[in-house]
Amino acid sequence: MIENLSKKRMVFGISCLILLTIVVLIIESKWMKAGSRRQEFVIENNSTCWQRETYEVIKDCHPCTAFEIASKSQGVCVHTHNKEVLKCIGGEIVTRSCDRVAWLDERHFWSFQISLTIVGTLSAAISFLRQKTLNRRTMLKIQRELGA
């Protein structure tokens with residue numbers, strides 16, 4: 001495995017990984033600049049008071065139900081499958097499409113962190129067991145050489 005590689009090959013491999021990491025970071029930063037603008041879709045032409053007046057968010061951004069998406073009963077659920085409820089100064093209550101659901105993004109983040117923790121723990125355990133096995137093999141080899 002990795003213990004059979006020479007120093008030259010190890011340095012080359014690590015250099016390639018560092019270069020690949022830098023390239024990925026550059027590409028991602030370019031994509032984030034292009035796609036970071038918030039998109040708002042105007043679907044209901046008679047309910048655009050939130051563009052003209054100040055408004056209050058009654059219900060934060062949340063996912064549309066499967067029925068609303070499939071039946072297209074609410075036009076705001078067509079594009080992003082998310083909606084938020086607003087109340088304009090004039091008293092009109094409207095729904096508009098929104099990009100991200102905060103609690104859903106947080107749940108995805110924590111599930112990702114938990115999976116990374118599990119993978120890291122398993123990797124550390126496997127590495128520990130591998131090192132233990134290699135140490136035992138080395139000790140047996142030394143004992144055989146001393147016994148001969």
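This one's a predicted model, so the numbers in the text were calculated from it and none came from an experiment.

## Comments concerning the overall build of the protein chain
Per the secondary structure count, the protein chain includes four helices and three strands. In the protein chain, the succession of α and β elements from N to C terminus is α-α-β-α-β-β-α. Burial statistics for the protein chain: of 148 residues in total, 17% are counted as buried. Within the protein chain, counting contacts between residues at least 6 apart in sequence, those at least 24 apart form 51% of the total.

## Re the UniProt feature "transmembrane region" (unreviewed entry) in the protein chain
Those residues carrying the UniProt feature "transmembrane region" (unreviewed entry) are residues 12-32 and 109-129 in this numbering. Within residues 12-32, the helical portion is 100% and the strand portion 0%, while the C-alpha atoms at the span's ends are 30 Å from each other. Along residues 109-129 one finds 100% helix and 0% strand; the C-alpha atoms at either end are 30 Å apart.

## Some points on the state of the cysteines
Going through the model one piece at a time under the given rule, you end up with three disulfides. Each sulfur in the disulfide pair Cys49 and Cys88 lies 1.7 Å from the other. With the S-S dihedral at roughly 75 degrees, the linkage between Cys49 and Cys88 falls on the right-handed side. Linking Cys49 in helix H2 (residues 49-52) with Cys88 in strand S2 (residues 82-88), this pair joins segments that are 39 residues apart in sequence. Both residues of the pair, Cys49 and Cys88, count as buried. Numbered by position along the chain, the disulfide-linked cysteines of the protein chain connect as 1-5, 2-6, 3-4.

## Re the side chain of Glu68
Within the secondary structure, Glu68 is located in helix H3 (residues 66-71). A polar contact of 2.8 Å, which involves the side chain of Glu68, links it to the side chain of Lys83. Setting aside anything within four residues of it in sequence, one finds Glu68 in contact with Ser73, Gln74, Cys77 and Lys83.

## A closer look at the confidence of the model for the protein chain
The predicted model of the protein chain averages 85 in pLDDT, with 89% of residues at 70 or higher. By mean pLDDT, H2 is the weakest element of the protein chain at 80, and helix H4 (residues 102-147) is the strongest at 94.

## Considerations on the packing of aromatic side chains
Applying the stated criterion across every chain, the model contains one aromatic pair. Here Phe109 and Trp110 contribute two aromatic rings whose centre-to-centre distance is 5.1 Å and whose plane-to-plane angle is 75 degrees, an arrangement assigned as edge-to-face. Judged by relative accessible area, which is 47%, Trp110 ranks as partly exposed.

## Digging into the sheet that holds strand S1 (residues 55-63)
Across the sheet, three strands lie side by side as S1-S2-S3; this open sheet has antiparallel pairing. Each having just a single partner strand, S1 and strand S3 (93-97) make up the two edges of the open sheet. Here the strands of the sheet are splayed against their neighbours by 20 degrees on average, with no regard to which way each runs. Bridge count for S1 against S2 is six bridges, and the pairing is antiparallel. Bridging from a neighbouring strand, Pro63 pairs with Asn82 of S2.

## Things to note about the pattern of salt bridges
Under the criterion given, the structure shown has three salt bridges. Of the charged contacts in the structure, one is a salt bridge between Glu68 and Lys83, with a shortest N-O distance of 2.8 Å. Taken together, the positions of Glu68 in helix H3 and Lys83 in strand S2 put the pair 15 residues apart, joining distant regions of the chain. According to the relative accessible area criterion, Lys83 is buried, its value standing at 9%. Asp105 is the partner of Arg100 in a salt bridge, and the nearest nitrogen-oxygen pair spans 3.5 Å. In this structure Arg100 comes out as exposed when scored by relative accessible area, which is 61%.

What counts as what
Residue positions are counted from 1 within each chain, in the order its sequence is given. The predicted origin of the model limits local features to residues at a pLDDT of at least 70 and limits the giving and counting of side-chain atom pairs to 80 or more, whereas totals for whole chains, interfaces and linings rest on all residues. To obtain the side-chain values, all non-hydrogen atoms of the structure were used and water was disregarded. For the purposes of this entry, the term helix denotes a DSSP run of H or I that reaches at least four residues, the term strand denotes a run of E that reaches at least two, and both are numbered from the N terminus. Exposed residues in this analysis have more than 50% of their type's maximum accessible area, buried residues have under 20%, and partly exposed residues fall in between, with area computed by a 1.4 Å probe over protein chains only. A contact between two residues is defined here by any heavy atoms of the two lying within 4.5 Å. UniProt positions are given in the numbering used here, feature names are shortened, and annotations may be inferred rather than shown by experiment. Throughout, disulfides are identified as pairs of cysteine sulfur atoms within 2.5 Å of each other. In protein, a polar contact means a hydrogen-donor-capable atom and an acceptor-capable atom, both N or O and within 3.5 Å, with residues adjacent in sequence counting only if both atoms are side-chain atoms; elsewhere, any N or O pair within 3.5 Å suffices. Looking at any residue, its pLDDT shows the predictor's confidence there, from 0 to 100. The criterion for an aromatic pair is that two Phe, Tyr or Trp rings (for Trp, the six-membered ring) have centres within 6.5 Å, with stacked assigned to planes under 30 degrees apart, edge-to-face to planes over 60 apart and tilted to the rest. When DSSP locates at least two bridges between a pair of strands, those strands are taken to pair. Between the N-to-C directions of two axes lies an angle of 0 to 180 degrees, each axis being a line fitted to C-alpha atoms and, for a helix, fitted only over the stretch in contact. Salt bridge, as applied in this entry: a Lys or Arg side-chain nitrogen positioned within 4 Å of an Asp or Glu carboxyl oxygen.

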